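Fold and geometry: a report
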Amino acid sequence: MNHTYHVETKCVHSGWNPENGEARQIPIYQSTTFKYNSTDEMGKLFDLESNGYFYTRLQNPTNDAVASRIADLEGGVAAMLTSSGQAAILFAILNICEAGDHMICASEIYGGTLNLAGVTLKKFGINCTFLSVDCTDEELLAAFRPNTKLVFGESVSNPALAVLDIERFAHIAHEHGVPLIVDNTFATPINCQPFKWGADIVVHSTTKYMDGHATQVGGCIVDSGNFDWEAHSEKFPGLTTPDLSYHGIIYTKKFGKLAYITKATSQLMRDLGATPSPFNTFLLGMSLESLPLRIERHCSNALAIANFLQNHDKVSYVNYPGLSGNKYYERAKKYMPKGTCGVISAELKGGREAAVQFLDHLQLASIATHVADAKTCVLHPASHTHRQLTDEQLVSAGISPGLVRLSIGIEHVDDLIADMEQALSYVTLI
Ligand SMILES: *Cc1c(COP(=O)(O)O)cnc(C)c1O
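Residues numbered from 1 in each chain as written. Predicted model: local features only at pLDDT ≥ 70, side-chain atom pairs only at ≥ 80, totals over all residues. Heavy atoms only, no water.

Some points on the nonpolar core
In plain terms, the rule: For this analysis, a nonpolar core means a set of buried residues of the types Ala, Val, Leu, Ile, Met, Phe, Trp, Tyr and Cys, connected via side-chain atoms within 4.5 Å. Each residue gets one of three labels from its accessible area relative to the maximum for its type: buried under 20%, exposed over 50%, partly exposed in between, using a 1.4 Å probe on protein chains only. Note on conventions: DSSP H or I runs of at least 4 residues are helices, E runs of at least 2 residues are strands, and numbering of each starts at the N terminus. Any two residues having at least one pair of non-hydrogen atoms within 4.5 Å are treated as being in contact.
Residues Met 103, Ile 221, Phe 358 and Leu 406 are the most contacted members of the largest nonpolar core, which totals 129 residues. When residues in this core are grouped by element, the largest group, eight residues, is from helix 13 (residues 291-310). Ignoring anything within four residues of it in the chain, the contact list for Met 103 reads Ile 93, Ala 117, Leu 121, Ile 126, Asn 127, Cys 128, Thr 129, Thr 148, Leu 150 and Phe 152.

And the structure:
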């Protein structure tokens, strides 16, 4: 795709250029396997000597078209789709980390990633140091060890809505010879392009805004192609020394800028699975066409509702990086000048009771454990995601009993505000 095109154009055209008489929409290659005329042709594929499809766990034309669309949106050189966002994060890490290694991770991240990095990867011998996105340079520098292999953070974090100073984190990671991996799920490439600020790898849960209609769970890893693995060869032997499972090929030598994604596909996807279904990928590809329009609406609706809630006398506090008083307002303006995302959190003055009254009286917004969907949904962490915690434990986890999380959809904003207004009228302040 022509790299001078705007992101709106790429969303519609990247990854699929039909020839004369071919399908206009990305076709669904719902096939596990692909046929060849000679043993030799097929053998070359197994040796990574020629390009082509043989088994959908490794590569599939529908998956490749959509992966290449997302790579283009992020301004990367290659991408790999996975069956979930969690799988994308796991593979992005395992591609360069093994037992005995260490990573640094922002502490304001998605709960699933927090468990992955803090609990499950530890059992694999990979240790993680968590640091707030607001840590000082000194604290960040002090976290590096000789076996540190990467730094990880979310551009806009789920659910805290903290904004990562991508340039600062990338700079310090590079000074230590390791890449910065950014989870760009909430901002999407429409609002934030982490590669422009020095991030090396981007991961996504495509389940969220990219899909946007609550239809498929999926993930994606995108490589900028900018990190020089060979310059830090001693840290990344998996990329820069022979892979015995492929007759000793060296990924950086054979694939250059495509080394990281080729290794993730031909080694990790081969051995661990987590391949998306081509049908799910088709849905994702189609949803990407309208991503810029939806994101614009999500953000303008969220800002209007954040302002409405902030001025409401039954609301004590609103957290949205697009509000001028927000802690991350300036940083968000720098990295996401068009807006951040459609998720807001707000604290009701009446605490737990008030939050429950508010949610139970909403008619248009639905109660759902999901975010980043066209349909507005709400969640009460104290009753749902963090239900097992006492009020004291909630407060120490930074979640007050009266906190509600709202994922603002693309409905007409007046209807959403009217719904919230009537639901708030039932809230009693004792
Ligand atoms: C949802 C989410 C994930 C996990 O993605 P799944 O597709 O649910 O596996 C990872 N990171 C962020 C920021 C998320 O919001």
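So that's the structure; there's more coming.
Overview of the pattern of salt bridges
Spelled out, the test is: A pairing counts as a salt bridge when a side-chain nitrogen of Lys or Arg comes within 4 Å of a carboxyl oxygen of Asp or Glu.
Applying the stated criterion across every chain yields a total of 12 salt bridges. Here Lys 334 ties to Glu 167 by a salt bridge, and the two come within 2.6 Å at their closest N and O atoms. In this pair, Lys 334 is assigned in helix 14 (residues 329-335) and Glu 167 in helix 7 (residues 166-175), connecting sequence segments 167 residues apart. Under the relative-accessibility criterion, Lys 334 is labelled partly exposed at 37%. The residue Arg 270 makes a salt bridge to Asp 271 at a minimum N-O spacing of 2.6 Å. Through salt bridges that share partners, Asp 134, Lys 327 and Arg 331 make up one connected network.

Let's talk about the site of the ligand
Condition: Summary of the distance rule: residues count as near a molecule or strand when at least one heavy atom falls within 4 Å of that molecule or strand. Nitrogen and oxygen atoms within 3.5 Å of one another constitute a polar contact, given that in protein one can donate a hydrogen and the other can accept it, and given that sequence-neighbouring residues count only through two side-chain atoms. Per-residue and other accessible areas follow the Shrake-Rupley method at a 1.4 Å probe size, with only the shown protein chains counted as cover for residues.
Lining the immediate surroundings of the ligand are 15 residues, of which Asn 158, Asp 183, Ser 205, Thr 207 and Lys 208 lie closest. Asp 183 places a side-chain nitrogen or oxygen 2.7 Å from a nitrogen atom of the ligand. Take Thr 207: an N or O atom from its side chain is 2.6 Å from an oxygen atom of the ligand. About the coverage of the ligand: the protein hides 93% of its 380 Å² of free accessible area. A total of three residues in the shell around the ligand trace back to one element, the largest contributor, which is helix 4 (residues 85-94).

Looking at the sheet that holds strand 11 (residues 377-379)
Within a sheet, each strand pairs with its neighbour through backbone hydrogen bonds, oriented either parallel or antiparallel. This is how the line gets drawn: Any two strands between which DSSP finds at least two bridges are classified as paired.
Overall, mixed pairing links the five strands, which are arranged 8-9-12-11-10 in an open sheet. Edge positions in the sheet fall to strand 8 (315-319) and strand 10 (366-367), since each of these pairs with one other strand and no more. Sheet topology places strand 10 next to strand 11; two bridges connect them, and they run parallel. Bridging from a neighbouring strand, Ile 367 pairs with Val 378 of strand 11.

Focus on the pairing of strand 4 (residues 148-154)
Here is the rule we go by: If you view a crossover with the strands going away from you and the path from the first strand over the helix to the second runs clockwise, you call it right-handed.
Taking burial as the measure, the seven residues of strand 4 include seven buried ones, the bulk of the element. Summarising the sheet, strand 2 (residues 102-106) and strand 4 pair through four bridges and their orientation is parallel. Directly across from Cys 105, in strand 4, lies its bridge partner Phe 152. Once the chain exits strand 4 it traverses helix 7 before rejoining the sheet at strand 5 (residues 180-183), and the crossover so formed is right-handed.

A look at the UniProt feature "modified residue: N6-(pyridoxal phosphate)lysine" (unreviewed entry) in the protein
In plain terms, the rule: UniProt positions are given in the numbering used here, feature names are shortened, and annotations may be inferred rather than shown by experiment.
Mapped onto the present numbering, the UniProt feature "modified residue: N6-(pyridoxal phosphate)lysine" (unreviewed entry) falls on Lys 208. Locating Lys 208 in the fold gives a position in the loop between strand 6 (201-205) and strand 7 (219-223). Lys 208 has contacts with Tyr 110, Asn 158, Thr 185, His 370, Val 371 and Ala 372, leaving out every residue within four places of it along the chain.

Topic: the environment of Tyr 329
Along the chain, Tyr 329 falls in helix 14. Along the chain, Tyr 329 and Val 163 lie 166 residues apart, while their C-alpha atoms are 8.7 Å from each other. In this view, Tyr 329 contacts Pro 321, Gly 322, Leu 323 and Ser 324; residues no more than four positions away in its chain are not counted.

Concerning the packing of helix 3 (residues 61-74) against helix 12 (residues 278-289)
Spelled out, the test is: Angles shown run from 0 to 180 degrees and are taken between the N-to-C directions of axes, each axis being a line fitted to C-alpha atoms and, for helices, limited to the stretch in contact. Handedness of a helix crossing follows the sense of rotation of the near helix relative to the far helix, less than a right angle counterclockwise being left-handed and clockwise being right-handed. Charged means Asp, Glu, Lys or Arg here, nonpolar means Ala, Val, Leu, Ile, Met, Phe, Trp, Tyr, Cys or Pro, and polar covers whatever is left, Gly included.
For the pair helix 3 and helix 12, the least separation of the axes is 9 Å and the interaxial angle reads 35 degrees. As for the relative orientation of helix 3 and helix 12, their crossing is left-handed in sense. Within the contact between the two elements, helix 3 uses Thr 62, Asn 63, Val 66, Arg 69, Ile 70 and Leu 73 and helix 12 uses Pro 278, Thr 281, Phe 282, Leu 284, Gly 285, Leu 288 and Glu 289. Class assignment for the residues of the contact of helix 3 with helix 12 results in seven nonpolar, four polar and two charged.

Looking at helix 4
Judged by how many residues are buried, helix 4 sits mostly within the fold: eight of 10 residues are covered. Those residues of helix 4 lying buried are Gly 85, Ala 87, Ala 88, Ile 89, Phe 91, Ala 92, Ile 93 and Leu 94. Of the residues that open helix 4, the one with a side-chain oxygen 3.4 Å from the backbone nitrogen of Gln 86 is Ser 84.

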